[in-house]
Every structure is written in structure tokens, then in C-alpha cells.
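Listed below are the residues making up each chain.
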Amino acid sequence: MIFALDIGTRSVTGTIIQKENDSFKIIDHYTKEHDDRSMRDGQIHDVIAVANIINTVKETLEDRLGYSLHKVCVAAAGRALKTIEARAVVDLKTYPIHTREDVKHLELSALQAAQEKLTNEHGNDSYSNYYCVGYSLLYYKLDGERIGSLIEQKGNEASADIIATFLPKIVVESLLTAITKAGLEMEAMTLEPIAALHVLIPESMRRLNVVLVDIGAGTSDIAITDKGTVVAYGMVPAAGDEITEAVSDQYLLDFPKAELLKRQVVNEGLAEVEDILGFITEVSYENLVQDIQEKIDSLVGVIADEILQLNAKSPRAVMLVGGGSLTPQITEKLAEKLDLPSNRVAVRGVEAVAQLSATDSLPAGPMFVTPIGIAITAKERPVQYVSVKVNGQTVRLFEMNQLTVGDCLVQAGYEINRLYGKPGIAKIVTVNGQDVTIPGEFGKAPEVFINEIKTTVNNPAQNGDYIRIEKGIDGAPAHITLGELIDDTAQFQVYFENQTYKMGNSYSVNKRAVSTDYIIQDKDRIEWKRLEKVEDFFDYYFPGKQLTKEYPVIVNHKQINLIRAETQILINGNAASLNDRLHESDQLSLISANKPDIADLFEELDKPYWQSIHISFNGEKVTLRQQAYHVMRKDETLDFHSLIERNEQIKITEKTQTPFIFQQVFGEVDIDLTHASGKFNIYCNDKKASFDTIIRSGDKLEIIWDK
């Protein structure tokens with residue numbers, strides 16, 4: 001025989017069941033309502049009054065059975081559970097995530113954040129006022145974006161969001177006190193939502209996203225399954241009493257009469273009632289629904305909102321139990337609110353409990369699902385108290401599922417993230433004028449031991465275990481060589497004037513040349529340069545050698561810079577420039593160049609030294625030119641090929657231009673006079689001309705001898 005008690009807000013229900021092979025049979029049951037409000041929202045407010053009601057239920061069942069009851073299975077009210085969402089964030093640059101253990105540490109940090117949030121919200125002095133009865137991961141994020149796994153991810157920060165469920169210790173303690181004062185000993189204990197879940201949604205069904213709502217008198221308890229486990233619990237302070245109060249207000253009835261009318265109309269479809277003024281009213285089911293429509297919608301709304309808040313989406317199905325689940329139209333309206341087909345929301349009664357055998361004493365309807373579930377679940381899957389020691393401190397835990405070392409550490413108040421070793425001291429240096437921070441080594445994760453054997457926070461914990469956690473070792477200070485800090489590409493050598501020179505990276509620290517083996521110190525000022533071009537070679541090995549330089553000349557009192565290569569650069573005998581790259585074993589050489597002349601000056605000034613025209617003479621093309629400018633160096637006249645010294649003062653003036661005449665052509669052409677005899681005539685454009693005839697570019701000139 002199993003004796004179970006469902007201690008509710010309005011009443012206490014005692015149930016006697018008997019196990020037969022793999023099923024259970026109900027032997028008897030009895031319900032007694034509280035005389036006054038000794039229970040509120042699942043919490044015992046008057047222990048003595050509740051103990052008296054428990055005793056009455058016990059004695060009534062004892063009289064019927066003919067023997068005494070000594071042990072009882074009970075359930076802590078699910079409505080007392082506190083569900084908290086919390087997040088933990090880790091800086092990946094300081095604490096990178098390499099293993100599943102690192103991820104678990106982050107999740108436990110989120111659980112500790114949930115404890116702190118719970119303490120702040122409910123004004124309790126310590127996390128020890130609550131038992132954590134489970135948590136579920138919601139999602140991970142990497143730099144603010146959701147991600148499936150955090151292991152070996154690169155980024156700035158990672159976070160884990162969890163939903164955790166806590167049970168106040170006072171709920172358990174007051175429950176134990178009440179049953180003890182009623183002369184009973186607690187045989188086993190469970191949680192009300194777990195009890196209903198266990199008998200209606202077995203583990204094989206928990207891979208489905210299903211919601212169970214126990215609508216009682218004062219509150220509606222919610223439990224949600226998904227992916228093989230219970231993922232969330234919730235409670236809303238609205239239930240059957242809200243509907244009863246609406247009936248009371250609508251028909252001018254006191255609360256007990258309103259409750260009676262509500263039940264009679266729901267069960268029979270019609271009832272007569274006398275209000276406080278003595279008038280008798282006939283109330284049909286349709287009238288009742290219409291008159292209290294607003295309250296029904298309100299109850300459905302708060303339940304649906306809580307489901308969506310906990311589940312973050314519409315579930316696959318919803319099961320309703322408890323007396324409040326008989327509220328008119330609640331299944332249809334809840335399905336509509338959750339955007340579900342109407343056949344996905346249903347009221348479930350004791351007939352849906354597969355483990356129960358059908359007997360004459362089997363109660364009907366959804367009111368007895370939770371009491372029967374308590375009897376079966378508390379015996380089959382009781383909640384245990386587990387006592388362990390963490391670093392010598394005794395810690396008691398409320399075990400619903402398999403406890404882990406991490407659960408024990410959290411309940412003991414250890415913050416995992418604060419037990420990581422500190423990162424090693426960084427060094428700040430300057431590299432080519434830019435500040436660079438060189439981090440120290442990462443701190444090590446804390447080490448955990450169970451019964452002196454090294455383990456992980458995921459390892460199961462048993463009653464009596466001794467757990468020890470040691471702070472992680474601090475990381476070593478930054479230690480790095482110059483070659484490790486700066487990519488030191490392989491060196492090579494070149495030849496210049498029969499000497500060998502090394503090319504590659506050149507380094508100096510605090511203005512002192514060093515090798516790549518140099519160990520960097522804090523506040524070092526590092527300068528480095530990559531030597532690979534011709535220009536790099538001469539800048540580094542021959543800093544005073546000018547391969548190209550300005551050549552200043554004063555022209556008409558204004559300085560002109562003649563840019564002219566002083567030398568010609570050769571690589572392996574081929575012409576090269578300062579920007580050309582050098583390679584292994586290259587031969588580098590220089591050839592000196594000549595000084596600039598007046599031609600170079602006029603080219604720099606972009607002025608034509610000559611005035612030119614193009615004509616033809618006896619069918620041959622001829623160019624005639626005459627000087628366009630006077631060029632003077634002091635009193636010396638310079639010609640086109642005169643060399644110029646640095647900083648010389650040159651005066652350039654335009655010459656008065658005279659027209660080109662025919663006879664100037666004879667200075668540019670050779671006339672064969674071997675066979676010439678007699679007279680000749682000259683022509684310009686087929687017209688007779690003279691030696692002083694003015695000619696222009698494009699003219700056709702001829703000389704013709706008489707035969």
C-alpha cells in the first residue's frame with residue numbers, strides 16, 4: 001500500500017494505491033477542504049491548521065481501511081518553483097574555449113548568475129535559501145550571434161544563456177513540519193509538476209515539445225518537455241478561483257455558492273441558484289460562458305503568455321489537468337492563442353494514466369491526476385537529499401536528476417569563472433611608432449577532485465562524496481623573442497664591389513642593433529625594416545651615397561632643379577631602378593653618368609631651344625632651324641652643348657625672330673656641281689624666287705640648271 005498526500009491551496013487529497021506487478025490500483029481516496037486560507041500559492045502559511053487537515057484526511061482513510069497509516073508520500077508545490085533566465089559572458093582573448101569542460105564552466109557561471117538574480121529579485125540573503133532543481137541551456141552566442149558550438153571558436157566574447165529552476169527550502173521544511181505534526185513520517189517526496197509529468201508524459205514521449213498545465217484553485221503550474229527532458233517550469237497566479245470570482249460577481253453569490261454553481265453548470269449543463277437578494281436564476285452552460293467570457297479570456301491569455309515565454313515558441317501539444325482545466329472553452333481558446341489545431345490541446349483525466357488499473361474506486365476527471373501521480377512518482381522516482389563535502393564544507397542538495405560535481409560546486413557557492421588562473425602580465429612595447437600589447441600566457445582552468453581522484457564538473461556526484469576544487473595556476477608573464485613577434489622572413493646575400501652584404505629584416509631595440517633571438521622587455525622601442533630593394537640596400541649600408549639628387553641651377557634669378565641620375569644602377573649587368581627587388585646572390589654595380597648641359601636645361605624647362613621649319617628641296621625633306629634664345633653665363637655665350645655646373649647662374653632671353661629665306665637652305669644641303677653648267681633658276685612652290693625670298697614650313701624649293 002502507498003499513501004500519498006496532495007496538499008493544495010484549497011484542499012488536501014489523500015490517496016491509497018496498491019502496486020500489482022507493473023500497474024497500480026486505487027484502493028481509496030478522500031479530499032478535505034481547508035477551513036480558512038492556511039495555504040496560499042502552494043506555501044503553508046499556518047502549519048498547525050494544515051497539519052490538522054492532514055490528520056483529518058489520514059484518520060478518515062484509516063477508519064475506512066481498518067489499519068493505521070504511518071508513512072506518506074508528498075510533493076512540493078510546483079507553484080513555489082522559481083524559474084530564472086540568466087547569461088554568462090567570457091572574454092575569448094583572455095579565456096579561450098578549447099574543450100567541453102570549458103563550455104560546462106561557462107554554463108555553470110550562467111547558473112551562478114541565475115542564483116544571484118534570484119537573490120536580488122526575491123530579497124533573500126543567500127543562494128542557500130533555494131535548491132537548484134535543474135537547468136537547461138537555451139543557446140550559445142559568439143559576438144552576439146547565436147551559434148551551435150563554442151569549442152575552438154575565434155572572436156571577442158562568448159556567452160551562454162540558460163533557464164534554471166529553484167525551489168525555496170522553506171517550502172520543503174514547512175511541508176515536513178506539517179506532516180510530522182500530523183503523526184506521519186515522510187516516505188518519499190517529489191514535485192507536483194514532476195508527478196503529473198511522470199504519469200502522463202513518460203520519458204519516451206519527452207523528446208516531443210509538450211506542455212503540461214495543472215490548473216488548480218489559486219495557481220496554474222506549467223511544465224515543458226523537449227529533447228528527452230524537462231526544459232522549464234513556470235507558474236501564473238491565476239486559476240479556477242478567478243473563474244469562481246467572476247461567477248460570484250455576475251450572479252451576486254458568495255464564493256462557496258459560486259463554486260457550486262460553476263461545477264454544476266459545467267457538469268450538468270444547467271443549474272438554478274438563489275442570489276444574496278433572494279432571487280432565483282436559472283443558468284445554462286451557454287449563458288455562463290457568455291457572462292464570464294472576459295475572465296476566461298484573461299485566464300487563457302496569462303497561461304498562453306507564460307508558455308510562450310518559457311518555450312520561446314508554440315509547443316507541439318498541450319495537456320491540461322486539475323479542476324481548473326474544466327473551465328468552459330479553455331481548450332479551444334488556448335489552442336487559438338497558441339496557434340495550434342484544436343485537437344492539440346486536451347484535458348487529460350486519470351483514465352489517461354497508463355499505469356492505473358480500472359476499478360470501481362477509480363475517480364473520474366482531471367482533478368486526481370496530480371494526487372495519483374504523487375503516489376506513483378514519489379515511490380518510483382523519489383527526490384533525495386544528498387550530502388557532500390566541498391573543500392571541507394558540508395553541502396546538502398535536493399536531487400531530482402543525476403547530480404554532478406558542478407551542481408555541488410554551485411550550491412556550495414563557488415564561482416567557477418573566478419577560480420581560473422589569472423592571465424600572465426602583459427608587455428607593452430612600441431613597434432615602428434605603434435603601441436603593441438604582448439599578452440602573457442592564459443591562466444589554467446581550476447582542477448576538480450572527487451574523493452582525491454581528478455575529475456570534471458560533469459562527473460556524477462554521490463551521497464557522501466568529498467569534492468575538492470583548486471584554483472587554476474596563473475599564466476606566465478609575456479615571453480617572446482623579436483623573431484617570434486615580427487615575421488622574420490629568411491635572409492639572403494648580395495654582392496657589391498666584391499663584398500658580401502646580408503639582406504632581409506634589420507632590427508634595432510632602443511636604438512641598438514639586435515638579433516632575432518633578443519627577448520623583448522616591457523617598454524622596449526623596436527624599429528625594424530625589411531631590406532629587399534636596391535634603395536633599401538644603399539640606405540642601410542651606404543646612407544651617405546646619393547644615387548639620385550637634385551641639380552640646382554639659377555635661371556633668370558630663379559632656382560631650377562635638374563633631376564638627373566648621377567649613376568646608372570645595374571643588377572647582374574642589366575639596368576635597374578631603386579625600386580627593383582634584390583634576390584639571393586645578385587651582383588649589384590653602379591656606372592657614373594655625365595654632367596647636364598644646356599640641352600638638358602631646356603628639356604627640364606620644356607622650352608624649344610630651336611625655332612624650326614620643315615621644307616622640301618629638290619624632292620628631299622629638309623629641316624631648317626635657328627636659335628630661339630640667347631643663353632649667357634655672365635659674359636659668356638653658351639651653346640646647345642655647353643655643360644652646366646651646380647648652382648651656376650644662367651640668363652636666358654628670347655631672340656628677335658627673323659623670317660627664314662631661301663638661301664638658308666644651302667647651309668643644310670649639298671649641291672652636286674659636277675655636271676652643272678650654264679645658268680640656273682630657283683623656284684618656291686613652282687614660282688620663280690630669289691635668294692632672299694621668305695620661306696615657310698611646308699614650302700617646296702627647287703634649283704634648276706639650264707641645259
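Since the structure is predicted, the reported quantities are computational estimates derived from the model, not experimental observations.

(A) Region of the structure containing a negative patch on the surface. On the surface, Asp91, Asp143, Glu145 and Glu157 cluster together into a patch of negative charge. Turning to its location among the elements, Glu157 is positioned in strand β10 (residues 157–168).

(B) Region of interest: the side chain of Asp226. You can see Asp226 is positioned in strand β13 (residues 220–226). Although Asp226 is buried, it makes no salt bridge; Lys313 carries the closest opposite charge, 4.6 Å away. Those residues in contact with Asp226 that lie beyond four places of it in its chain are Arg206, Arg207, Leu208, Asn209 and Val231.

(C) Spatial organisation of unusual backbone geometry. A positive phi is found at His557, a non-glycine position, where the angle reads about 70°. Along the chain, the position of His557 falls in the loop between β30 (548–555) and β31 (558–565). For His557, a relative accessible area of 76% gives the class exposed. Despite not being glycine, Asn685 shows a phi value in the positive range, around 55°. A residue is classified by how much of its surface remains accessible, and Asn685, at 36% relative accessible area, is partly exposed.

(D) Layout of helix α4 (residues 192–200). With respect to burial, α4 is a largely interior element, nine of its nine residues being buried. All of the buried residues in α4 are Glu192, Pro193, Ile194, Ala195, Ala196, Leu197, His198, Val199 and Leu200.

(E) Representation of the packing of helix α1 (residues 47–65) against helix α3 (residues 169–181) within the structure. Interaxial distance between α1 and α3 falls to 8 Å at its minimum, and their mutual angle equals 50°. By the criterion of interaxial angle, the relationship of α1 to α3 is oblique. Every pair of crossing elements has a handedness; the one defined by α1 and α3 is right-handed. Of the residues in α3, those touching α1 at Val47, Ile48, Val50, Ala51 and Ile54 are Thr177, Ala178, Ile179 and Lys181. Considered class by class, the residues forming the contact of α1 with α3 number seven nonpolar, one polar and one charged.

(F) Representation of the pairing of strand β36 (residues 620–627) within the structure. Pairing geometry for strand β35 (residues 610–617) and β36, over eight bridges, is antiparallel. For Ser612, the partnering residue across the bridge sits in β36 and is Arg625. Connecting the antiparallel pair β35 and β36 is a turn made up of two residues, with Asn618 showing a positive phi of about 45°.

(G) Structural context of the sheet that holds strand β17 (residues 317–321). Spatial strand order, β14-β13-β12-β17-β18: five strands in an open sheet with mixed pairing. Two strands lie at the open edges of the sheet, namely β14 (229–236) and β18 (345–347), each paired on one side alone. For this sheet, the mean angle separating the axes of adjacent strands, direction not counted, is 20°. Note: strand β12 (residues 210–215) against β13, six bridges, orientation antiparallel. Looking across to β13, one finds that Ile215 is bridged to Ser220. Against the sheet, helix α8 (residues 293–311) engages β12, β13 and β14, with an angle of about 35° to β13.

(H) Layout of a positive patch on the surface. There is a patch of like positive charges on the surface, built from Lys227, Lys313, Arg316 and Arg344. Mapped onto the elements of the fold, Arg344 is located in the loop between α9 (330–337) and β18. Overall, the relative accessible area of 34% leaves Arg344 in the partly exposed class.

(I) Just the packing of aromatic side chains, in detail. Taken as a whole and assessed by the stated rule, the structure comprises 20 aromatic pairs. Ring plane angle 50° and centroid distance 5.9 Å describe the contact between Phe537 and Phe542, whose orientation is recorded as tilted. Taking relative accessible area as the criterion, Phe537 reaches 0% and is therefore assigned buried. Ring geometry for Phe602 versus Tyr629: centroids 5.6 Å apart, planes at 50°, classification tilted. Note that Phe602 is positioned in helix α14 (residues 598–605) and Tyr629 in strand β37 (residues 629–633), a separation of 27 residues in sequence. The exposure class assigned to Phe602 is buried, which follows from its relative accessible area of 2%. Pairwise contacts between aromatic rings join Phe496, Tyr501, Phe537, Phe538, Tyr541 and Phe542 into one cluster. The ring of Tyr139 carries the charged tip of Arg146 above its face, separated from the ring centre by 3.8 Å. Positioned above the aromatic ring of Phe449 is the side chain of Arg468, whose terminal nitrogen or guanidinium carbon lies 4.2 Å from the ring centre.

(J) Representation of the side chain of Glu648 in the model. Considering the arrangement of structural elements, one finds Glu648 in the loop between β38 (636–637) and β39 (649–654). Owing to a relative accessible area of 16%, Glu648 belongs among the buried residues under this scheme. Among the polar contacts made by the side chain of Glu648, one reaches the main-chain amide nitrogen of Glu645 at a distance of 3.1 Å. Contacts of Glu648, omitting those with residues within four sequence positions, involve Pro552, Val553, Ile554, Arg633 and Leu643.

(K) Layout of helix α5 (residues 240–251). Given a rise of 1.5 Å per residue, 12 residues ought to cover 16 Å, and the 17 Å separating the end C-alpha atoms of α5 matches this to within 8%. Every buried residue belonging to α5 is among Gly240, Asp241, Ile243, Thr244, Ala246, Val247, Ser248 and Tyr251, and all of these are buried. Its buried side turned inward, α5 meets β12, α6 (255–268), β16 (280–284), α7 (285–291) and α8. Immediately beyond the C-terminal end of α5, within one or two residues, lies Leu252, with a positive phi of roughly 55°.

(L) Examining the nonpolar core more closely. Counting residues in hydrophobic clusters, the biggest one holds 61 residues, and the most contacted among them are Phe3, Leu5, Ile7, Ile54, Leu167, Leu200 and Leu212. Looking at which element gives the most residues to this core, the answer is α4, with six residues. When sequence neighbours within four positions are dropped, the list of residues in contact with Leu212 reads Pro193, Ala196, Leu197, Leu200, Ile201, Asp221, Ile222, Ala223, Met319 and Val321. If you look at the next biggest cluster of nonpolar residues, it comprises 41 residues, including Leu92, Ala114, Tyr130 and Val390.

Quick notes on the rules
- Residues numbered from 1 in each chain as written.
- Predicted model: local features only at pLDDT ≥ 70, side-chain atom pairs only at ≥ 80, totals over all residues.
- Heavy atoms only, no water.
- Patch = residues over 30% accessible without salt bridge, like charges linked within 9 Å, V, L, I, M, F, W, Y side chains within 5 Å.
- Areas by Shrake-Rupley, 256 points an atom, 1.4 Å probe, with all protein chains shown as cover.
- Salt bridge = Lys/Arg side-chain N within 4 Å of Asp/Glu carboxyl O.
- Lys, Arg positive; Asp, Glu negative; His and termini not counted.
- Charge placed at Lys NZ, Arg CZ, Asp CG, Glu CD.
- Helix = DSSP H or I, 4+ residues; strand = E, 2+ residues; numbered from the N terminus.
- Buried < 20%, exposed > 50% of the residue type's maximum accessible area, 1.4 Å probe, protein only.
- Contact = heavy atoms within 4.5 Å.
- Axes fitted to C-alpha atoms, helices over the stretch in contact; angles between N-to-C directions.
- Parallel < 35°, antiparallel > 145°, perpendicular 65-115°, else oblique.
- Left-handed = near helix turned anticlockwise from the far one by under 90°.
- Nonpolar A, V, L, I, M, F, W, Y, C, P; charged D, E, K, R; others polar.
- Pairing = 2+ DSSP bridges.
- Phe/Tyr/Trp six-rings, centres within 6.5 Å; stacked < 30°, edge-to-face > 60°.
- Lys NZ or Arg CZ within 6 Å of the ring centre and 35° of its normal.
- Polar contact = N/O pair within 3.5 Å; in protein donor to acceptor, adjacent residues only side chain to side chain.
- Expected span 1.5 Å × (residues − 1).
- Core = buried A, V, L, I, M, F, W, Y, C linked by side-chain atoms within 4.5 Å.

This is a description of form; function is not addressed.
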